[in-house]
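Residue strings, one per chain:
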Amino acid sequence: MNPIFSALQTSVFEVMSRLARETGAVNLGQGFPDDPGPEDVRRRAADAVISGWNQYPPMMGLPELRQATAAHFKHWQGLDLDPDSEIMVTSGATEAIAGALMALITPGDEVVLFEPMYDAYVPLVRRAGGIPKFVTLTPPAFGLSEAALARAFSPKTRVVLFNNPLNPTATIFSDADLDLLADFCIRHDAVAICDEVWEHVVFDGSRHVPMLARPGMRERTVKISSAGKIFSLTGWKVGMVMAAPELMRVLAKAHQYITFTTPPNLQAAVAYGLGKDEAYFEGMRADFQRSRDRFAGGLKDLGFSVLPSVGTYFLNVDIAPLGEHNDIAFCQRLVTENGVAAIPVSAFYAEGAVKNVVRFCFAKHDATLDAALERLAGLRRAA
Ligand SMILES: Cc1ncc(COP(=O)(O)O)c(C=O)c1O
């Protein structure tokens, strides 16, 4: 057995979800919305199964989805992408990340990672033969610094794996951070694999800035998007990968031998969805923002220290003011004694664990959020 995977423990997400099921807790741990997702997009997928093509679609993705992706990101992010040579469809962002790492890393290459980070990153980097070098981000800003980047980059750096907006912190990197990182990538001749799956889930009028568009990054960025996140259909696993032709040729080779393709009905539905008018995307953001405000307001009223959430559908609480310094123990008590499942943010760190931050998912019905607040009120009363 390969030790990288066989040595992995059961993830905290599974532990918390199991505890939530066993205890009947309100589950704000797992990151998926209560809402079933846009009905017209789901209907397109259903219709395409009945009346569309159900055999292997093209390896790079349905032409209509690649064209829709180009038009979508031209409109929303000002990107000029050639649908034939610069866009590929994968089975979710996760396949795109795994494929990009396999395609770009030669064993022994160093990969710069920013912790806290999505749990799949480290095992995938290691399995591809990469050596992780961590930049540790800390609350409340979780921003970059020149000194931290200088410690992580070396002449062996080949790839940077960067997530913006960042899960689990619910923060967005500033333009200055993006340019600082771009500068390091250019100086070290590194490729930035940019996991931008949360690009549409941003609040308070902010707009996502893609790394691909920063000066000097057009030829050295792999942009990864996810229809699962764009349309709140997390089970769909349809990813869109964007990169300059030279990079794309190699990424396509990895994709060819991993999944080769992605269900054509879902691709057709995503192509339709990406063309929806602005009102849909603004409405989706407004709905999530309203849930965020409801939950954040309720937590603040209860005296919790809520960290800013400007993107993703997560919200973090600093538990240090409660006298708590062990987020894992806190979350275990929270689910078993108070009936609310959350995720300890230390689970997203590989080295420099921050142990006083707890993540909640607020993409839930009002009644679910209110039930969680009611139970958390019990915790504050007992304190
Ligand atoms: C940062 C990040 N990357 C990737 C993914 C997975 O995307 P997909 O479901 O399209 O594979 C997630 C899902 O939560 C995520 O938060």
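Residues numbered from 1 in each chain as written. Predicted model: local features only at pLDDT ≥ 70, side-chain atom pairs only at ≥ 80, totals over all residues. Heavy atoms only, no water.

Undergrad: Lay out helix H11 (residues 264-274) with the relevant residues and their values.
TA: The buried count for H11 comes to 10 of 11 residues, which makes it a mostly enclosed element. Along H11, the residues that are buried comprise Pro-264, Asn-265, Leu-266, Gln-267, Ala-268, Ala-269, Val-270, Ala-271, Gly-273 and Leu-274. Lining the buried residues of H11 we find helix H3 (39-51), helix H4 (63-77), strand E2 (87-90), helix H9 (227-230), strand E8 (239-242) and helix H12 (278-301). (Buried < 20%, exposed > 50% of the residue type's maximum accessible area, 1.4 Å probe, protein only. Helix = DSSP H or I, 4+ residues; strand = E, 2+ residues; numbered from the N terminus. Contact = heavy atoms within 4.5 Å.)

Undergrad: Go over the pairing of E2 with me, naming the residues and quoting the values.
TA: Residues of E2 alternate between two faces, with Ile-87 and Val-89 on one and Met-88 and Thr-90 on the opposite face, all of them buried. Note that E2 and E8 share four bridges and pair antiparallel. Its bridge partner lying in E8, Met-88 is registered against Val-241. (Pairing = 2+ DSSP bridges.)

Undergrad: Report on the site of the ligand, specifying residues and quantitative values.
TA: Gly-92, Ala-93, Thr-94, Tyr-118, Asn-163, Asn-167, Asp-195, Val-197, Trp-198, Ser-226, Lys-229 and Lys-237 make up every residue found near the ligand. Within the contact set of the ligand, a nitrogen atom lies 2.6 Å away from a side-chain nitrogen or oxygen of Asp-195. In this structure, Ser-226 approaches the ligand through a side-chain N or O atom, which is 2.7 Å from an oxygen atom. Against a free-state accessible area of 400 Å², the protein chains account for coverage of 94% of the ligand. Counting residues per element, the shell around the ligand draws most heavily on helix H5 (residues 92-104), which supplies three residues. Partitioned by chemical class, the residues of the shell around the ligand number four nonpolar, five polar and three charged. (Near = heavy atom within 4 Å. Polar contact = N/O pair within 3.5 Å; in protein donor to acceptor, adjacent residues only side chain to side chain. Areas by Shrake-Rupley, 256 points an atom, 1.4 Å probe, with all protein chains shown as cover. Nonpolar A, V, L, I, M, F, W, Y, C, P; charged D, E, K, R; others polar.)

Undergrad: Can you lay out the sheet that holds strand E5 (residues 157-163) for me, pointing to particular residues and giving the numbers?
TA: On the basis of which strands lie adjacent, the open sheet formed by seven strands has the order E2-E8-E7-E6-E5-E3-E4 and mixed pairing. The outermost strands of the open sheet, each flanked by one partner alone, are E2 and strand E4 (131-136). Across the sheet, the axes of successive neighbouring strands diverge by a mean angle of 20°, strand direction being ignored. Judged from the four bridges that link them, strand E7 (residues 221-226) and E8 form a sheet pairing that is antiparallel. Residue pairing in the sheet places Lys-223 in a bridge with Met-242 of E8. (Axes fitted to C-alpha atoms, helices over the stretch in contact; angles between N-to-C directions.)

Undergrad: Can you break down the packing of aromatic side chains residue by residue, with the values?
TA: A full pass over the atoms with the stated rule returns 16 aromatic pairs. Measuring from centroid to centroid gives 4.6 Å for Phe-162 and Phe-173, while their planes differ by 40°, and the two rings are tilted. Of this pair, Phe-162 sits in strand E5 while Phe-173 sits in the loop between E5 and helix H8 (175-187), placing them 11 residues apart in sequence. Residues Tyr-280 and Phe-281 carry aromatic rings whose centres are separated by 5.0 Å and whose planes lie at 80° to one another, so their mutual orientation is edge-to-face. Per residue, the accessibility class of Tyr-280 equals that of Phe-281, and both read buried. Members of the aromatic cluster, joined through ring pairs, are Trp-76, Phe-231, Tyr-280 and Phe-281. A cation over a ring is seen here: Lys-276 above Tyr-280, with NZ or CZ 4.7 Å from the ring centre. The residue whose ring lies beneath Lys-364 is Phe-32, and the NZ or CZ to ring-centre distance is 4.0 Å. (Phe/Tyr/Trp six-rings, centres within 6.5 Å; stacked < 30°, edge-to-face > 60°. Lys NZ or Arg CZ within 6 Å of the ring centre and 35° of its normal.)

Undergrad: Just give me the short version of the sheet that holds strand E12 (residues 343-344), but keep the residues and values in it.
TA: Reading across the sheet, the four strands line up as E9-E10-E13-E12 and stay open at both edges, with antiparallel pairing between neighbours. Two strands bound the open sheet, and with one partner strand each, they are strand E9 (305-306) and E12. Relative to strand E10 (residues 314-318), E9 is paired through two bridges, and the arrangement is antiparallel. Opposite Val-306, over in E10, you have Val-317 as the bridge partner.

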